[in-house]
Each structure stands twice: as structure tokens, then as C-alpha cells.
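Structural features, examined
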Amino acid sequence: MTAIQLAENDFGFGNKDIHLLASIRYWALRKEAESSTSYSRMRKHFMNEESKAREQQAYRDAKYAWADKWYSLTSKLLEFGEVVPSERLQDCLRELRLNETKKAALCVELATFTAYYQLDKDSKDEDALTFSDEDRKLYLQFCAYTMNEALHTLELACKEFNRCIERIVKANTGPDLTWVWVGLGAAVLLVLAPYLAGAIGGFMGLGGAAATSAGLALLGGGSLAAGGFGMGGGYVVLMAGGAIIGYGSGSTQYQRKLREGSKEELLINCGKLFSASKVFSLYGDDRIGICSKALLIQSDLESDADVAFLEGDTEKGKQIESKALVMRTFRKLLRGDLK
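Please read these numbers as outputs of a predicted model, since none were measured by experiment.

Our focus in this paragraph is the overall build of the chain. In terms of regular secondary structure, the chain is built from 15 helices and 3 strands. A buried classification covers 52% of the 339 residues belonging to the chain. Residue pairs in contact within the chain that sit at least 24 positions apart in sequence constitute 74% of those at least 6 positions apart. Here the chain displays about 16,100 Å² of accessible surface, and carbon together with sulfur accounts for 49% of that area.

If you want it as C-alpha cells, here you go:
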């Protein structure tokens, strides 16, 4: 059995797995906040020690508050209850008895998380929070320790995820193309912001599939609720790019759901799949197999675009065509001919 075939069965995660993932992220963010620095290099020269300490504590408290709110919303929408205590994380990980493939998929999800986006558009405290390279390293250190993985491995997973997204976005830059290129390091926020805004904006009162979609967006973006992958009951989340890998064998309903998602969601899945294949070899070295999965999605999207254009819905056709372009560019990246 090939790695691609294995992936269709190995990358479905249920409620307990997602609960643990959210809990690890929560405590990793708390750990990062403990050492996070708020004031600028210029401002600190004009502040006395008492003022520095007061501002620093206020900034850390704002980060703690963001982590609390993020977990509360995610838990409410996905219905998995209180956060797992930090001292229980590794025990719970062992109790799940995840195989090495699933553990690696969790590492990809942990490594590619972006924190401190606005949960409330009117919150000035949230708008002032940052997730710098130093902050991310502190966050990843906790994740690596919990997962019994090398810090360098998670840092590399993050780097490859960003590299994939940046190269796809950069390749599609221009007045008549999909995105406006805003510089290295900005691509992930560029694609994540509109995706999250659409999913989180109306979370109050959500239920069923809408609540699950919003909860998964809060969890990190790019993961899809799906069915038919060997897990009965509840929802199934395909991680580490498994949403793309599982497309061909998924139900018609699942395939339609993936095609109807935003181009940002599709791009995030491409980034996770690229990271998983490069760093953890979750899909072996079967680049041809991965390209064939991407081509299948691309072909279906182009057919959807044809229908929209022929029915006179030009705007919808352009939106669908932009998603097909993501998959085409992703294939070029996998083939090594994306310049």
C-alpha cells in the first residue's frame, strides 16, 4: 500500500484528537506569553523600570486573555469541554495511541498555527498583539517538548509551510491575478485574515455544520469537516493536507464542500500538505501521486468555472478560476518548475 493510499485512512481526526490539539496550543500560547516583550526598542529607552514592568504585565495579560477567549470559542463551537491540564497533555497523547503518522500530522498542525489574529474587530488590545519570530520559537518549544519532537523539526515545518504559501502567492501576483504581493513573511496573514473573518464573524448562535466550520477556522484554518473516512460518529477533520489527498476517494458531498471553500482555505491546505511531505515524509516521495490529486481538484474547479461563466455569472466564475489557479501553481511547485 502506498503512502498516498495510507493517508486516506490515517488523517481523519475526531473530537478527542482535536481537543488535545487545542489544549496543546492553548498551553503553548500561555508559555509564550510569559516571556513575550511588548514595548518597542525606541520606547523602552524613555521608560523607567516601573513603567516597563507595568506595560509588560499588561501586554502579557492581554495575550493570556486572547488565549482564554480563543480556547473558549473553539471549545464552544466544537463542543469538547474544558482545556486538558498542562500536566496531563503527554499522558493524554499516550492514551490516544496515535501512530507515528498521526503524531507527525499533529506536529504539522501545531507548527503552522498563527496566533493573535483579531477575535473581536472592536478590540484594541487584540489589534496590538504580535506573534514575532521569537514568540513563535517559544510557542514551538512547548509544542516540541509535549510531542517529544525536536524543536528544529517543528521550526522547519513552519518554514516549509510559509515557503509554499509565499511562492504560490508570489507566482499569482499582478493586476489581473489573484493576490497582491505584499512582501516576504506577509503571505500567511494575507490569506488567513479573510478566511478567518468569514468563518468567525458570525459565530454567535451558530450550530451544526456552520459551528463546526467556524470552530475549525479558529483551530487554525485549512482543516475541513468531512465524512466517509472510516470514523463513525461526530465530525472528522483531515489534517496535514489530508483534505487534498482524500479528495478522490471522498463522497460527492465532501468533494463539493472542498470546491466551495475559499481559495484561502485551499491554499492553507496546500501549505500543510507541502510541509508534511517535505519535513515528515507523510506522503512518501510520491510527488506524482500528490500532483494527480491536485490535478483532479484543479480539473473539477475548472469545470465548475466553465458552468458559472456559461450561465452568465462572471464574478463567480472568476472566483472559482482563482482556486483552480492555486492548484495549478501548487503542482508547479511540486514539480520544481515554479520560478
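Next comes the rest of the description.
As a further point, take the packing of helix H2 (residues 15-34) against helix H4 (residues 89-96). Running from N to C, H2 and H4 point in directions that differ by 160 degrees, and their axes come no closer than 11 Å. Taken together, the axis directions place H2 and H4 in an arrangement best described as roughly antiparallel. H2 and H4 meet at a crossing whose hand is left-handed. Contacts from Lys16, Asp17, Leu20, Ser23, Ile24 and Trp27 in H2 reach Leu89, Cys92, Leu93 and Leu96 in H4. A class-by-class count of the residues in the contact of H2 with H4 yields 7 nonpolar, 1 polar and 2 charged.

In this section: unusual backbone geometry. Among all residues save glycine, negative phi is the norm, and among peptide bonds the norm is trans. The phi dihedral of Asn148 falls on the positive side, at around 55 degrees, and the residue is not glycine. Position of Asn148 among the secondary structure elements: in the loop between helix H7 (133-147) and helix H8 (151-171). Take Asn148: its relative accessible area is 68%, and that puts it in the exposed class. A positive phi is found at Ala240, a non-glycine position, where the angle reads about 55 degrees. Considering the arrangement of structural elements, one finds Ala240 in the loop between strand S3 (236-238) and helix H11 (242-245).

Empty space among the atoms can be located by rolling a probe the size of a water molecule over them. Taken as a whole, the second largest pocket encloses approximately 390 Å³ of empty space. Forming the walls of the second largest pocket are 16 residues, and the residues nearest its centre are Arg259, Lys316, Gln319, Ile320 and Lys323. When residues of the lining of the second largest pocket are traced back to their parent elements, those giving at least two are helix H12 (252-260), helix H14 (287-310) and helix H15 (314-335). Taken together, the residues of the lining of the second largest pocket sort by class into 4 nonpolar, 2 polar and 10 charged.

Position of Gln141 among the secondary structure elements: in helix H7. Considering only alpha carbons, one finds Gln141 and Lys31, 110 residues apart in sequence, at a separation of 9.2 Å.

On to the environment of Lys103, then. Following the sequence through the fold, Lys103 ends up in helix H5 (residues 100-111). When neighbours within four sequence positions are excluded, Lys103 is seen to be in contact with Leu93, Leu98 and Met147.

A few words on the pattern of salt bridges. Opposite charge on two side chains permits pairing when their charged atoms draw close. Applying the stated criterion to the full structure yields 14 salt bridges. The closest approach of N and O atoms between Arg30 and Asp68, which form a salt bridge, is 3.7 Å. Here the residue Arg30 occupies a position in helix H2, and Asp68 occupies one in helix H3 (residues 49-78), the gap between them amounting to 38 residues. We note a salt bridge from Lys263 to Glu264, for which the minimum N-O separation is 3.1 Å. Taken together, the salt bridges that share partners define one network made up of Arg88, Asp91, Arg94 and Glu95.

Glancing now at helix H13 (residues 263-280). Taking 1.5 Å of rise per residue, 18 residues should cover 26 Å, and H13 covers 25 Å from first to last C-alpha, within 8% of that figure. Counting buried residues in H13 gives 17 out of 18 residues, a clear majority hidden from the surface. One or two steps after H13, the chain reaches Ser281, where phi turns positive at roughly 50 degrees.

So, about the packing of aromatic side chains. Given two aromatic rings, one states the distance between the centres and the angle between the planes to describe the pair. Overall, the coordinates contain 10 aromatic pairs when judged by the stated rule. On the basis of an interplanar angle of 75 degrees and a centroid distance of 5.6 Å, the ring pair of Tyr116 and Phe131 is categorised as edge-to-face. In this pair, Tyr116 sits in the loop between H5 and helix H6 (124-127) while Phe131 sits in the loop between H6 and H7, placing the two residues 15 residues apart along the sequence. A relative accessible area of 5% places Tyr116 in the buried class. Directly above the aromatic system of Tyr64 lies the positively charged group of Arg30, at a separation of 4.2 Å from the ring centroid. The ring centre of Phe13 lies 5.0 Å from the NZ or CZ of Lys102, which sits over that ring.

Now for the confidence of the model for the chain. Segments scoring low in pLDDT should not have their predicted coordinates read at a detailed level. Taken as a whole, the chain shows an average pLDDT of 79; of its residues, 73% reach a score of 70 or greater. Below pLDDT 50 for its whole length, residues 181-185 participates in 8 contacts with residues either more than four positions away or in separate chains. Below a pLDDT of 50 lies the segment residues 225-233, which in the model reaches 18 contacts outside its immediate sequence neighbourhood of four places, other chains included.

Another point: the packing of H5 against H13. Running from amino to carboxyl end, H5 crosses H13 at an angle of 125 degrees, the nearest separation of the two axes being 10 Å. Judged on the interaxial angle alone, H13 and H5 are oblique. With respect to the hand of their crossing, H5 and H13 are arranged in right-handed fashion. Together, Ala104, Cys107, Val108 and Glu109 of H5 and Lys272, Ser275, Ala276 and Phe280 of H13 make up the contact between the two elements. Of the residues assigned to the contact of H5 with H13, the class counts are 5 nonpolar, 1 polar and 2 charged.

Here is what the cut-offs are and how they apply
Residues numbered from 1 in each chain as written. Predicted model: local features only at pLDDT ≥ 70, side-chain atom pairs only at ≥ 80, totals over all residues. Heavy atoms only, no water. Helix = DSSP H or I, 4+ residues; strand = E, 2+ residues; numbered from the N terminus. Buried < 20%, exposed > 50% of the residue type's maximum accessible area, 1.4 Å probe, protein only. Contact = heavy atoms within 4.5 Å. Areas by Shrake-Rupley, 256 points an atom, 1.4 Å probe, with all protein chains shown as cover. Axes fitted to C-alpha atoms, helices over the stretch in contact; angles between N-to-C directions. Parallel < 35°, antiparallel > 145°, perpendicular 65-115°, else oblique. Left-handed = near helix turned anticlockwise from the far one by under 90°. Nonpolar A, V, L, I, M, F, W, Y, C, P; charged D, E, K, R; others polar. 1 Å grid on protein atoms, 1.4 Å probe; cavity = no way out; pocket = protein on both sides within 12 Å on 5 of 7 lines; lining within 4 Å. Points joined across faces, edges and corners; volume = space filled by probe spheres on them. Salt bridge = Lys/Arg side-chain N within 4 Å of Asp/Glu carboxyl O. Expected span 1.5 Å × (residues − 1). Phe/Tyr/Trp six-rings, centres within 6.5 Å; stacked < 30°, edge-to-face > 60°. Lys NZ or Arg CZ within 6 Å of the ring centre and 35° of its normal. pLDDT = per-residue confidence, 0-100.

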